[in-house]
Amino acid sequence: MTTTSPIAAPDRRVSKTPVRDEPPRRRRFKPGAGRQHHAGPFAYFALVVVGLGSLFPLYWTLVAASRTQEEVLDTTPPLLPGGNLLNNLEAAWEQANLGKAIVNTVIVSSSITLATLFFCTLAGYAFAKMRFKGRGVLMTMVIATLTIPPQLSVVPLFMMMSDIGWGGQLESVIFPTLVSAFGVFFMRQYLLEALPYELIEAGRVDGANNLRIVWSIVLPVARPAMMVLGMLTFVQAWNDFFWPYLALNQQNPTLQVALGQLSASYVPDQSIVMAGALISTLPLLVVFVIFGKQIVGGIMSGAVKG
């Protein structure tokens, strides 16, 4: 007779140690993070309205420049371009001497833009990453100049340019605007976040001096912000009218001063004035088409910092 060994019963004793509830784990991503949001019909409608509203002034300039004075001033203005565009462009070109004005404006705008980018980048780097006595006071003084209306400096600046002998010359427009307080503040704020101290220290360890660090480290890092600042400075210098109108004469004008001659008559021809405005707008459109991708990339690069 065989005996069967007893099978050990499972231990059913319950532990008296209380079981603590584990705290919920934190989610590493917010709900909806990383998802692609699709725009609704209202968003597309708003974008179309804003886009058409932005393009309408340029379209109306084209329409008015291709019509006659009577058609532009008619009770029911035309909404489609006409066939008088080339005649109006030729008349505006001859009456305002736009050839010389465009050359002067290109010289003035390019000189101001290049100088502003160079000096403002250097000053922004110094205020952002270099330690020296009086840095905070100097930066406060730079920002304080933004609160001073530019009209207050017109009379002393005009007298200074006359004493130097630059009255009516392009130098009187270029040199007072080689550096802007906004540009210094803009580059300082960008480099403060975009340029880490580790890169600068690595360059110094490799034996680079300050100029080498600026050329090899600071300028490549600051390129997106420089594209944005350069575009803003170029557009402002191209469209500047007040100071060039006072500093220059009719024989050596910039583009905006020359356009003022078209509307200086007792009864200006609006179609010719619009033709001149169209000529002055086309170079800005060409610049934006060429550098638009870099400019938008620089704006987006600054928008995602932090």
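J.: Lay out the pattern of salt bridges in plain terms, naming residues and giving numbers.
T.: Counted under the stated rule, the structure contains two salt bridges. Between Arg 67 and Glu 71 there is a salt bridge whose closest N-O contact spans 3.8 Å.

J.: Break down helix H3 (residues 85-95) for me, with residues and values.
T.: Restricting attention to buried positions, one finds in H3 the residues Asn 88, Ala 91 and Ala 92. Buried residues along H3 cover an arc of 95° about the axis, so they all sit on one side. Away from its buried face, by an angle of more than 90 degrees, H3 presents the exposed residues Leu 86 and Glu 94.

J.: Explain empty space enclosed by the protein residue by residue, including any values.
T.: Evaluated as defined, the whole model comprises one cavity of 30 Å³ or more. A volume near 30 Å³ is recorded for the largest cavity. Thr 105, Val 108, Ala 237, Trp 238, Asp 240, Pro 244 and Thr 254 are the residues that line the largest cavity. Looking at the lining of the largest cavity, its residues break down into four nonpolar, two polar and one charged.

J.: Tell me about the packing of aromatic side chains, and name the residues and values.
T.: Any pair of aromatic rings gets described here by the distance separating the centres and the angle formed by the planes. Per the stated rule, a full pass over the model turns up six aromatic pairs. For the ring pair Phe 118 and Phe 119, a centre distance of 5.2 Å and an interplane angle of 75° mean the geometry is edge-to-face. Ring geometry for Phe 127 versus Phe 132: centroids 6.1 Å apart, planes at 50°, classification tilted. Judged by its relative accessible area of 11%, Phe 127 is buried. Exposure remark for Phe 132: the relative accessible area of 34% places this residue in the partly exposed category. Sitting over the ring of Tyr 197, Lys 129 keeps its end group 4.2 Å from the ring centre.

J.: A description of the side chain of Ser 66 should follow, citing residues and the corresponding values.
T.: By secondary structure assignment, the location of Ser 66 is in the loop between helix H1 (41-65) and helix H2 (69-72). Within the structure, the side chain of Ser 66 is placed 3.1 Å from the backbone oxygen of Leu 62, a separation counted as a polar contact. If we ignore the near neighbours within four places in the chain, the residues touching Ser 66 are Pro 81, Gly 82, Gly 83, Asn 84, Leu 85 and Asn 88.

J.: Describe the layout of surface pockets, listing the residues and the values that go with them.
T.: By volume, the largest pocket is sized at about 1100 Å³. The wall of the largest pocket is formed by 29 residues, among which Pro 150, Pro 176, Thr 177, Ser 180 and Gln 236 lie closest to the centre. Every element with two or more residues in the lining of the largest pocket is listed here: helix H4 (98-129), helix H6 (154-164), helix H8 (181-194), helix H10 (210-239) and helix H11 (242-247). Considering only residue class, the lining of the largest pocket consists of 19 nonpolar, nine polar and one charged. By volume, the second largest pocket is sized at about 310 Å³. Residue lining of the second largest pocket: 13 residues in total, with Thr 113, Leu 117, Met 227, Gly 230 and Met 231 positioned closest to the centre. Of all the secondary structure elements, the ones that give two or more residues to the lining of the second largest pocket are H4, H10 and helix H13 (270-303). Tallying contributions element by element places H10 first for the lining of the second largest pocket, with six residues. Each residue belonging to the lining of the second largest pocket can be placed in one class, and the counts come to nine nonpolar, three polar and one charged.

J.: Describe the environment of Arg 188, with residues and values.
T.: Position of Arg 188 relative to the elements: it lies in helix H8. Given the relative accessible area of 21%, Arg 188 is considered partly exposed. For the pair formed by Arg 188 and Ala 126, sequence separation is 62 residues and the distance between their alpha carbons is 8.0 Å. Each residue touching Arg 188, except ones within four places of it in the same chain, is listed here: Gly 124, Phe 127, Ala 128 and Met 139. Here Gln 189 takes part through its side chain, which lies 2.4 Å from a polar atom of the side chain of Arg 188.

Parameters at a glance
Residues numbered from 1 in each chain as written. Predicted model: local features only at pLDDT ≥ 70, side-chain atom pairs only at ≥ 80, totals over all residues. Heavy atoms only, no water. Salt bridge = Lys/Arg side-chain N within 4 Å of Asp/Glu carboxyl O. Buried < 20%, exposed > 50% of the residue type's maximum accessible area, 1.4 Å probe, protein only. Helix = DSSP H or I, 4+ residues; strand = E, 2+ residues; numbered from the N terminus. Arc of directions from axis to C-beta. 1 Å grid on protein atoms, 1.4 Å probe; cavity = no way out; pocket = protein on both sides within 12 Å on 5 of 7 lines; lining within 4 Å. Points joined across faces, edges and corners; volume = space filled by probe spheres on them. Nonpolar A, V, L, I, M, F, W, Y, C, P; charged D, E, K, R; others polar. Phe/Tyr/Trp six-rings, centres within 6.5 Å; stacked < 30°, edge-to-face > 60°. Lys NZ or Arg CZ within 6 Å of the ring centre and 35° of its normal. Polar contact = N/O pair within 3.5 Å; in protein donor to acceptor, adjacent residues only side chain to side chain. Contact = heavy atoms within 4.5 Å.

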